[in-house]
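What follows is the residue order along each chain.
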Amino acid sequence: MFIKTVTPSTTIHPHKNKSGIKVQLKLNVTMKLFKITLLVLISLTILGCGAYSFTGASIPASTKTFQVNYFQNNAILVEPGLDRQFTLALQDLLLNQTNLELVTSNGDLVYEGEITEYRISPTTAQADNTAAQNKLTISVNVRFYNKKNEEDNMEQRFSFFYDYAGDANLVGAQKVTAIEEIFERLTQDIFNATLAKW
């Protein structure tokens, strides 16, 4: 059995360390106050700027909802289901890039319009008068209404295209990819024009 003894040099003398403990307590309290003050200042700064989306859109705090009315397909060449796909793509983008709530009526922000063009055309020809490359173009006309600030109301045409090989048919997975890429660009352009003001 071992017994450990404490030598007098390792004993704590309360009267010698009280000032050190007081200094340490003051430092801890000061650091806590500093952290709380910093947190409050950051919170006030963020709230003072209104509702800000990290995608570049500055949306006033009073704007809470948006609605996307059904986009009719008025193109000469009608692709079945394109109107529904576009309406959902625009709704999804706004839900993902803002904190706004999607509603079916009385939205603070309203998007509506129609698909005006769905066109396949050759872009370059070969020597034998066949297309070396084709292009799918989709255009939409958008009307945007901001009930909180009518100066932002606008109507604008947006268009984008997808190039593909001239000897390929635009069917199946290639058509799905083409439409998705065009809709991704169109919806982002609409978002930028209406909310990011680019």
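Here is what the cut-offs are and how they apply
- Residues numbered from 1 in each chain as written.
- Predicted model: local features only at pLDDT ≥ 70, side-chain atom pairs only at ≥ 80, totals over all residues.
- Heavy atoms only, no water.
- Helix = DSSP H or I, 4+ residues; strand = E, 2+ residues; numbered from the N terminus.
- Polar contact = N/O pair within 3.5 Å; in protein donor to acceptor, adjacent residues only side chain to side chain.
- Axes fitted to C-alpha atoms, helices over the stretch in contact; angles between N-to-C directions.
- Parallel < 35°, antiparallel > 145°, perpendicular 65-115°, else oblique.
- Left-handed = near helix turned anticlockwise from the far one by under 90°.
- Contact = heavy atoms within 4.5 Å.
- pLDDT = per-residue confidence, 0-100.
- Phe/Tyr/Trp six-rings, centres within 6.5 Å; stacked < 30°, edge-to-face > 60°.
- Buried < 20%, exposed > 50% of the residue type's maximum accessible area, 1.4 Å probe, protein only.

(A) Here's a closer look at the environment of Thr-65. Tracing the backbone through its elements, the reader meets Thr-65 in strand β3 (residues 65–68). Spatially, the C-alpha atom of Thr-65 lies 5.1 Å from that of Gly-107, the residues being 42 residues apart in sequence. Looking at Thr-65, its side chain comes within polar contact range of the main-chain nitrogen of Asp-108, at 2.9 Å.

(B) Just the packing of helix α2 (residues 82–97) against helix α3 (residues 172–196), in detail. Put simply, α2 and α3 touch, their axes get as near as 10 Å, and they point 50 degrees apart. Taken together, the axes of α2 and α3 lie oblique to each other. Taken as a pair, α2 and α3 cross one another with a handedness that is right-handed. Residues Leu-82, Gln-85, Phe-86, Ala-89, Leu-90, Leu-93, Leu-94 and Gln-97 of α2 pack against Ile-179, Phe-183, Leu-186, Thr-187, Gln-188, Ile-190, Phe-191 and Leu-195 of α3.

(C) Structural detail: the confidence of the model for the protein. Across the protein, the average pLDDT comes to 83, with 71% of residues at or above 70. Across the protein, the element-wise mean pLDDT spans from 42 in strand β1 (residues 51–52) up to 98 in strand β5 (residues 101–102). Contacts from residues 47–54, a stretch scored under 50 in pLDDT, to residues over four places away or in other chains number 8 contacts.

(D) Summary view of the packing of aromatic side chains. Applying the stated criterion to the full structure yields 4 aromatic pairs. Ring centres 4.9 Å apart and planes at 75 degrees place the aromatic pair Phe-71 and Phe-86 in the edge-to-face group. Taken together, the residues span a long stretch of sequence, with Phe-71 in the loop between β3 and β4 (72–73) and Phe-86 in helix α2 at a distance of 15 residues. The pair formed by Phe-71 and Phe-86 is uniform in burial state, with each residue classed as buried. Ring geometry for Tyr-111 versus Phe-144: centroids 4.9 Å apart, planes at 50 degrees, classification tilted. Taken together, the residues span a long stretch of sequence, with Tyr-111 in strand β6 (residues 109–125) and Phe-144 in strand β7 (residues 131–146) at a distance of 33 residues. Like Tyr-111, the residue Phe-144 is buried in the burial classification.

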